Amino acid sequence: MPSQSSLPPLELHLQDDQWPLEYIDHDRQIARAVVVDEDGFFYFVRASRDDDFGVATYIETSGGGVEPGEDLEVAIRRELQEELGVEVSVLCEIGTVSDFYNLIHRHNINHYFLCQVRSFGARHLTADEADLYHLTTAKLRYEDAVAEYQRYMADTPIGLLIGRRELPVLQQAKELLDALEQDRSKPEQI
């Protein structure tokens, strides 16, 4: 994996204050990515759900569970192919966010990466992703993504939890992209 920039990796520990904590009975390792193309567009999944978490429509970084023994970089490439139909270059690690879904008794350990689109192809959604969450692709400018996270964070409890997790990651990704761009624009020293 390419080296990390001079920014320290993001590390957040968030609690679920939307549902009461009864107990946590499992951890889930998750690989997620902020995906950007060469024109500066960011790619997310848009989910529409009506389940125990309530009725909600929101954007979220693409990603999912890491299989037992699976490398994080392999997992993120697989998840991005499945959900967005995209092949990527992994630019760097953004960081880790630990959060909880008290309603389903789960602790999430989200490993975030910054990835650049290399090519698009067919998506390969699971039945749940297609039928229960109605995943589609959202292509947004940075400012539009920030505004969408801020808007839906106030709409639903699940939106609030996702927004708290995702917005700092998106902001860190933007800082990393800006730093990478500055590095590219510097003249080479001999």
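Residues numbered from 1 in each chain as written. Predicted model: local features only at pLDDT ≥ 70, side-chain atom pairs only at ≥ 80, totals over all residues. Heavy atoms only, no water.

**Topic: the overall build of the protein**
To be explicit about the condition: Helix and strand assignments follow DSSP, with helices taken as H or I runs no shorter than four residues and strands as E runs no shorter than two, numbered in order from the N terminus. Restricting the calculation to C-alpha atoms gives the radius of gyration, and the globule rule supplies 2.2 Å times the number of residues raised to the power 0.38. With a 1.4 Å probe rolled over the protein chains alone, any residue whose accessible area is under 20% of its type maximum counts as buried; one over 50% counts as exposed, and the rest are partly exposed. When checking whether two residues touch, look at their non-hydrogen atoms; a contact exists if any pair is within 4.5 Å. In short, Shrake-Rupley with a 1.4 Å probe defines the accessible areas, and a residue's cover is counted only from the protein chains shown.
Along its length, the protein carries four helices and eight strands. Expected size for 190 residues packed as a compact globule is a radius of gyration near 16 Å; at 17 Å, the protein falls within 12% of this value. Overall size of the protein, expressed as C-alpha extent along the three principal axes, is 60 × 35 × 35 Å. Here the protein holds 190 residues, and 48% of them are scored as buried. The long-range share in the protein, meaning contacts at least 24 apart out of those at least 6 apart in sequence, stands at 74%. Entry remark: accessible area of the protein is about 9,800 Å², with carbon and sulfur atoms responsible for 50%.

**Thoughts on the layout of surface pockets**
Over the atoms, a rolled probe matching the size of one water molecule traces out where space is still vacant. Rules: Cavity means a closed set of points on a 1 Å grid over the protein atoms alone, one where a 1.4 Å probe fits but cannot get out, pocket means an open set with protein on both sides within 12 Å along at least 5 of 7 lines, and lining means a residue has an atom within 4 Å of a point. Grid points are joined across faces, edges and corners, and a volume is the space filled by probe spheres set on the points. Gly falls in the polar group here, along with every residue not listed as nonpolar (Ala, Val, Leu, Ile, Met, Phe, Trp, Tyr, Cys, Pro) or charged (Asp, Glu, Lys, Arg).
If you add up the space inside the largest pocket, you get close to 610 Å³. Of all the elements, helix 1 (residues 72-84) adds the most residues to the lining of the largest pocket, at four residues. Here the lining of the largest pocket is composed, by residue class, of 12 nonpolar, seven polar and 13 charged. Of the volumes computed, that of the second largest pocket is approximately 300 Å³. Looking at the second largest pocket, it is lined by 17 residues, and the ones nearest its centre are Val36, Asp37, Gly40, Leu177 and Glu181. In terms of residue count, helix 4 (residues 157-185) provides more of the lining of the second largest pocket than any other element does, six residues in total. Split into classes, the residues belonging to the lining of the second largest pocket amount to six nonpolar, two polar and nine charged.

**Here's the deal with the environment of Ile109**
Tracing the backbone shows Ile109 in strand 7 (residues 106-120). You can call Ile109 buried: its relative accessible area is 13%. For Ile109 and Thr61, which are 48 residues apart along the polypeptide, the C-alpha to C-alpha distance reads 14 Å.

**A look at unusual backbone geometry**
Residues apart from glycine generally show negative phi values, whereas peptide bonds are mostly found in trans. Its identity is not glycine, yet His105 carries a phi of approximately 60°, on the positive side. For His134, which is not glycine, the phi torsion reads 50° and is therefore positive. Mapped onto the elements, His134 comes out in the loop between helix 2 (127-132) and strand 8 (136-140).

Treat this as a map of the structure, not an account of what it does.
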